[in-house]
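Take a look at the letters that make up each chain.
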Amino acid sequence: MRKHISITMLLIATVTVVVIFAFFGLSNVHALVACPITDGGVGDGDGTADGTITLNDGGTTTWTPSDATAFDCSTLSLHVTNSSTLAIDQDPTNGWLGELLFINVTIDAGSKIEADSEGCLTETGPDSSTNICADQSDAKEGADHDSTGGGGAHAGNGGTGSQAGSVGGTHYDDIFSPDQFGAGGGTSTPNANGGTGGGVIHLTISGDLVNAGTISANGGAGTVTSTIEVGGGGAGGSVKVVITGDLSGAGVFEAIGGAGANSSWDGGGGGGGVVYVQYGTTAIGTALEAQVDVSGGSGNDVGVAGDAGSAIIKDSTLTDVYFLEGNSYASHLETPTLCSTGTCTFANDFTISASATLKFEYNAGYAGDSTISIANDLTVNGTLNLGHD
C-alpha cells in the first residue's frame, strides 16, 4: 500500500543538509556534425559573413539529422526573424533527435524553433535506452479499444478515451535531463490514427538567449475517420535549453499534449511533455511562469484530458530550482540526475510554484525511507507529495 503525504503550504522551511552533489550539467551532446548553413552562404538570409545565421524568409527551414549527431554551430549565432521557422526534423525509428549548439540565439516575435509532432507515431512509445519508437504494450502510448484511443504519455499521463478500455499511457523520462520523444496516441480499431508525439529539442547556448517567439515540441491531435472512430492525442515532447549567459524576452517554451479526436466518441488527450530551461542570469523573474506551457491535450466532451507535464527552470549561478507548473515525478529510476536509491538531493534552494505538483516516488520494490536533502530553503506554494509502494 502506498504511504502518501501531501503538503500544501505558503511558507519557507529550511531543511538540514544530508548529502549534496552537483547535478543539471550541460546536455549530453552526441557526436558533432557541421552546421547545416555556412555563415554568408546559401540559406543565410542576410548573405553576409557576420558571425550570425539569419533565417528571415518568412517560411520554414528544416534541418534533418542523418544520424545520432548534434549540429555544431558553436562558433556562430542564430537569428530567426520575420515570422520564420526553424523546424528540427526527427527520426523516431532510429531514435535520432534534434541537438543544436550556438553562441547566441535570438528568436523574434512570430518566429519559432520547433519539433512539433516529430516524436512517436500512433500506438508507439520511446524505448528508455535507445529512444527508438516501438510498441511498448500500452505502457507509454495510448491504448485502443473498439472505437476510441487513449492519449499518449510523457511527463504527464495520457487521458482515457470515452470508452473505458482506451486508457492513456503512463509517465516516463528524466524531467531534469529530458531526451525522449512524446508517445503516440491510441488508434481506434481499425481506422482512426492517434496523434504523433512531440519531438526533442536540445539547445545549448554558450552566450545569451533572447526569446520573443516560440520554442516548442508539441504533440499532435488524434484524427477522426467516422463519427465513432477517434484517435487519442500524442504527448508533448522534450525541450531542454541550457544557456550559459542571460535569458530574456517574453517568448514561450512549449511541450503541449495533443487533443483527442472529437466526434460521437472522444479520444483521450495526450500528456504534457517536459520543458527544462537552465540559465546563468535573467531579469524576467516570476513572469517566466507564464511563458511555459506543458498542459495536457483536451479530451473534449467525454474523453479525459491528458495530465500536465513538467516545467522546470534552473538558475545555474545560484543552483536554485523552480518547478513552474504541471506534474513532476521524481524517483531513483526515473530521475538519476537528482535521486539515488532512497535520497533525492537539491544543491541549493528549490521552489514549487502554485500551479505545480512535485511527486517523489520510490515505487519499484524500494521499501526504505524516502529522503529529500536540500542545501538551503524549500518553498512550497503548490503541492509536494512524498510516498512509496
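Here the structure is a predicted model, which is why all the values come from computation and not from measurement.

Participant: Residue-level account of the nonpolar core, with values.
Facilitator: Counting residues in hydrophobic clusters, the biggest one holds 40 residues, and the most contacted among them are W63, I113, L203 and V241. Apart from the residues lying within four places of it in its own chain, the contact partners of W63 are C35, P36, I37, F71, C73, L86, A87, I88, D89, L100 and F102. Formed by 23 residues, the second largest nonpolar core is a distinct cluster that contains I175, A330, I352 and F360.

Participant: Pulling in residues and values, what's your account of the environment of G110?
Facilitator: Residue placement: G110 occurs in the loop between β10 (105-107) and β11 (112-114). Along the chain, G110 and V80 lie 30 residues apart, while their C-alpha atoms are 9.4 Å from each other. When sequence neighbours within four positions are dropped, the list of residues in contact with G110 reads S83, S84 and G213.

Participant: Give me the sheet that holds strand β29 (residues 339-340): which residues, what numbers.
Facilitator: Within the open sheet, the three strands sit side by side as β29-β30-β33. Their pairing is mixed. The two strands at the open ends of the sheet, each matched to only one other strand, are β29 and β33 (371-374). Judged from the four bridges that link them, strand β30 (residues 343-346) and β33 form a sheet pairing that is parallel. Across the sheet, the residue bridging to T343 is T371, located in β33.

Participant: Tell me about the state of the cysteines, and name the residues and values.
Facilitator: For the structure shown, the criterion picks out two disulfides. Paired through a disulfide, C35 and C73 show a sulfur-sulfur distance of 2.1 Å. The chirality of the disulfide connecting C35 with C73 is right-handed, given an S-S dihedral of about 90°. Here C35, found in the loop between β3 (31-34) and β4 (52-55), pairs with C73, found in the loop between β6 (69-72) and β7 (77-80); they are 38 residues apart in sequence, far enough to count as distant. Side by side, C35 and C73 carry an identical accessibility label, which is buried.

Participant: An account of the packing of aromatic side chains is requested, with residue identities and associated values reported.
Facilitator: Throughout the structure, instances matching the rule amount to four aromatic pairs. Judged by centre distance (5.6 Å) and plane angle (70°), the ring pair of W63 and F71 falls under edge-to-face. As far as the burial class goes, W63 and F71 line up, both buried. One aromatic cluster in this structure is built from W63, F71 and F102. Note that K140 overlies the ring of Y172, its terminal NZ or CZ placed 4.7 Å from the centroid.

Participant: Please set out the confidence of the model for the protein chain residue by residue, giving values where relevant.
Facilitator: Low-confidence regions, as indicated by low pLDDT, have predicted coordinates that should not be scrutinised in detail. The share of residues in the protein chain with pLDDT of 70 or more is 87%, and the mean pLDDT across the chain is 85. Counting contacts from residues 1-28, a segment whose pLDDT is below 50, to residues more than four positions away or on other chains yields 81 contacts.

Participant: Explain the sheet that holds β7 residue by residue, including any values.
Facilitator: The parallel open sheet is built from six strands, whose spatial order is β4-β7-β10-β17-β22-β25. The sheet terminates laterally at β4 and β25 (281-282), the two strands that pair on one side only.

Participant: Before we move on, could you go through the environment of T93 and cite the residues and values that matter?
Facilitator: Note on placement: T93 falls in the loop between β8 (85-88) and β9 (98-102). Among the residues examined, T93 registers a relative accessible area of 56% and is labelled exposed. Here the alpha-carbon distance between T93 and I132, two residues 39 residues apart in the chain, equals 5.4 Å. At 2.6 Å, the side chain of T93 forms a polar contact with the side chain of D91.

Definitions and limits used
Residues numbered from 1 in each chain as written. Predicted model: local features only at pLDDT ≥ 70, side-chain atom pairs only at ≥ 80, totals over all residues. Heavy atoms only, no water. Core = buried A, V, L, I, M, F, W, Y, C linked by side-chain atoms within 4.5 Å. Buried < 20%, exposed > 50% of the residue type's maximum accessible area, 1.4 Å probe, protein only. Contact = heavy atoms within 4.5 Å. Helix = DSSP H or I, 4+ residues; strand = E, 2+ residues; numbered from the N terminus. Pairing = 2+ DSSP bridges. Disulfide = S-S within 2.5 Å. Phe/Tyr/Trp six-rings, centres within 6.5 Å; stacked < 30°, edge-to-face > 60°. Lys NZ or Arg CZ within 6 Å of the ring centre and 35° of its normal. pLDDT = per-residue confidence, 0-100. Polar contact = N/O pair within 3.5 Å; in protein donor to acceptor, adjacent residues only side chain to side chain.

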